[in-house]
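# Summary of the model geometry
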Amino acid sequence: MANTTDPELLLGRAFLKSDRWNEWRAGDNDQKKGVPAPFLEKPIPVGAVLIDLPAPAALGLGQVALIDVINRRRSHRKYSEEPLSLAELSFLLWTTQGLQEVIKGGEATRRTVPSGGARHPFETYLGIDRVGTLVPGLYRYLPLEHKLLLVEAGAEVLARIDAGTNHQKRGAAVVFVWTAVPYRTEWRYGFLSAKLIALDAGHLCQNLYLAATAIGAGTCALDAYDQLKIDAAIGVDGTDEFTVYCAPVGKILAAAE
Ligand SMILES: Cc1cc2nc3c(=O)[nH]c(=O)nc-3n(C[C@H](O)[C@H](O)[C@H](O)COP(=O)(O)O)c2cc1C
């Protein structure tokens, strides 16, 4: 086993450890101080264009054996030109961030994925190219309402998102861009939050892999994106909200990689 004294590697390893829980229990945080809980989702701007999504329970999608879906899950980097339907996008959004219950007097939510302390620190942005009759452009998912919010219409923002993913969009019908709003977790977990947020992100993407597989689509987890470019493309500040994970999604050809 190689031993390291490289401070950067040691810093990374320290991030992965969970050795400060006693310190957290004994310490203070905004929740203990009585600071009101942060918003469960980013506010909806006045006059925003909202798009209804088909209700997840009525979709009838994903009625396939779990063992089969897990067995077939693969990273796909080639997509067909076929669009996704709005129902399929609704299904993918519900499986990755879908709301089940508002709990703790409105301070937290239960969703289709787990999250440390039920803090759910993510926002979902979508670079939509071909989904039903939606105008191509940048959208944000509203899990509390199960609706889409149009952020910016047009092909130009899709080109910026493609550049932001280091051109890993590869003809996908839609690109998921997940941001973290760290304070949602920090409000309760303070210095423990970074690891919790990173762990939480994995759950979203795994559900996307499985849900995409179940509807004959494919995805590929992307961490090798360009932080500054993608944050600028979707219009987030890079400090209090920034991209943590991306995933293009498209229908796949049976033999496609
Ligand atoms: C955290 C994470 C980051 C990844 N980032 C990229 C990426 O930026 N580009 C890419 O082509 N694949 C990326 N992948 C996909 C992996 O290369 C892929 O999961 C791996 O090769 C195994 O293939 P499989 O998913 O088909 O089992 C990433 C996967 C994970 C879990």
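Structural notes, computed from the coordinates. Predicted model only: the values in this text are computed from it and were never measured. Counting starts from 1 at the beginning of each chain's written sequence and moves along it residue by residue. Residues qualify for local features only when their pLDDT is at least 70, as the model is predicted, and side-chain atom pairs are given and counted only at 80 or more; totals for whole chains, interfaces and linings, by contrast, use all residues.

## What about helix H8 (residues 227-234)?
- Each residue is classed by its C-beta neighbour count within 10 Å, where at least 20 other C-beta atoms makes it buried, 12 or fewer makes it exposed, and intermediate counts make it partly exposed; the C-beta atoms are placed from backbone geometry. Numbering of helices and strands runs from the N terminus; a helix is a DSSP stretch of H or I covering at least four residues, while a strand is a stretch of E covering at least two. Residues of H8 that are buried: Ile230, Asp231, Ala233 and Ile234. All buried residues of H8 fall inside an arc of 160 degrees around its axis, so they share one side.
- The first or second residue beyond H8 is Gly235, which carries a positive phi of 80 degrees. To be clear, the arc concerns the directions from the helix axis to the C-beta atoms.

## Remarks on the site of the ligand
- Nearness between a residue and a molecule or strand is assessed with a C-beta atom placed from the backbone; a distance within 6 Å qualifies. Close to the ligand lie Arg74, Ser75, Arg77, Gln168, Cys220, Ala221, Leu222, Asp223 and Ala224, which account for all nearby residues.
- Lys, Arg, Asp and Glu make up the charged group, whereas Ala, Val, Leu, Ile, Met, Phe, Trp, Tyr, Cys and Pro make up the nonpolar group; the residues left over, Gly among them, are polar. For the shell around the ligand, a count of residues per class yields four nonpolar, two polar and three charged.

## Structural notes on the nonpolar core
- For our purposes the nonpolar core covers buried Ala, Val, Leu, Ile, Met, Phe, Trp, Tyr and Cys residues that link as a set through C-beta atoms within 7 Å. Counting 59 residues, the largest nonpolar core has Val174, Phe176, Val177, Leu208, Cys246, Ala247 and Val249 as the members making the most contacts within it.
- Here this core gets ten residues from one element, more than from any other, and that element is helix H7 (residues 193-214).
- Setting aside anything within four residues of it in sequence, one finds Val249 in contact with Leu92, Ala172, Ala173, Val174, Phe176, Ala212, Ala217 and Thr219. C-beta atoms are placed from the backbone for every residue, and two residues are taken to be in contact when these atoms lie within 7 Å.

## Quick notes on the packing of helix H4 (residues 86-97) against H7
- Think of each axis as a best-fit line through the C-alpha atoms, taken over the contacting stretch in the case of a helix, with angles from 0 to 180 degrees between the N-to-C directions. One can describe the packing of H4 onto H7 by two numbers: an axis separation of 8 Å at closest approach and a directional angle of 145 degrees. Two packed elements cross with a definite hand, and for H4 against H7 that hand is right-handed. Seen from H4, the contacting residues are Phe91, Leu92, Thr95, Thr96 and Gln97; seen from H7, they are Leu204, Asn207, Leu208, Ala211 and Ala212.
- Its residues assigned to classes, the contact of H4 with H7 comprises six nonpolar, four polar and no charged. Whether a crossing is left-handed or right-handed is set by the direction in which the near helix is turned from the far one by less than a right angle, anticlockwise for left-handed and clockwise for right-handed.

## Things to note about the pairing of strand E4 (residues 122-128)
- Most of E4 is tucked away: seven of the seven residues are buried.
- DSSP bridges decide pairing: two strands pair if at least two such bridges lie between them. Bridge analysis of E4 against strand E7 (residues 174-180) gives seven bridges, and the strand direction is antiparallel. When the sheet's bridge partners are listed, Gly127 is paired in E7 with Val175.
- In this sheet, strand E5 (residues 137-142) lies alongside E4 in antiparallel orientation, the contact comprising four bridges. Paired with Tyr125 across the strands is Arg140, a residue of E5.

## Overview of the sheet that holds strand E8 (residues 217-219)
- Spatially, the seven strands line up as an open sheet ordered E1-E6-E5-E4-E7-E9-E8, and their pairing is antiparallel. Edge positions in the sheet fall to strand E1 (50-52) and E8, since each of these pairs with one other strand and no more. Along the sheet, successive strands turn relative to each other by an average axial angle of 30 degrees, direction set aside.
- Where E1 and strand E6 (residues 147-153) come together, three bridges link them in antiparallel fashion. Within the sheet, the bridge partner assigned to Leu50 lies in E6 and is Leu149.
- H7 contacts E4, E7, E8 and strand E9 (242-251) of the sheet and is inclined by roughly 5 degrees relative to E9.
- Sheet strands touched by H8: E4, E5, E7 and E9. Its angle to E9, the strand with the most contacts, is close to 75 degrees.

## What to know about unusual backbone geometry
- Of note in the backbone geometry, Lys104 takes a positive phi value of approximately 55 degrees without being a glycine.
- Tracing the backbone through its elements, the reader meets Lys104 in the loop between strand E2 (99-103) and strand E3 (108-111).
- Accessibility expressed as a C-beta count within 10 Å gives 11 for Lys104, which makes it exposed.
- The backbone of Ala118 shows a phi angle near 55 degrees, a positive value even though the residue is not glycine.
- Locating Ala118 in the fold gives a position in the loop between E3 and E4.

## Comments concerning the pairing of E2
- Taken across its five residues, E2 has zero buried, putting it largely on the surface.
- Sheet analysis places E2 next to E3, joined by four bridges and oriented antiparallel. Paired with Ile103 across the bridge in E3 is Ala108.

Remember, this is a structural readout, not a statement about activity or role.
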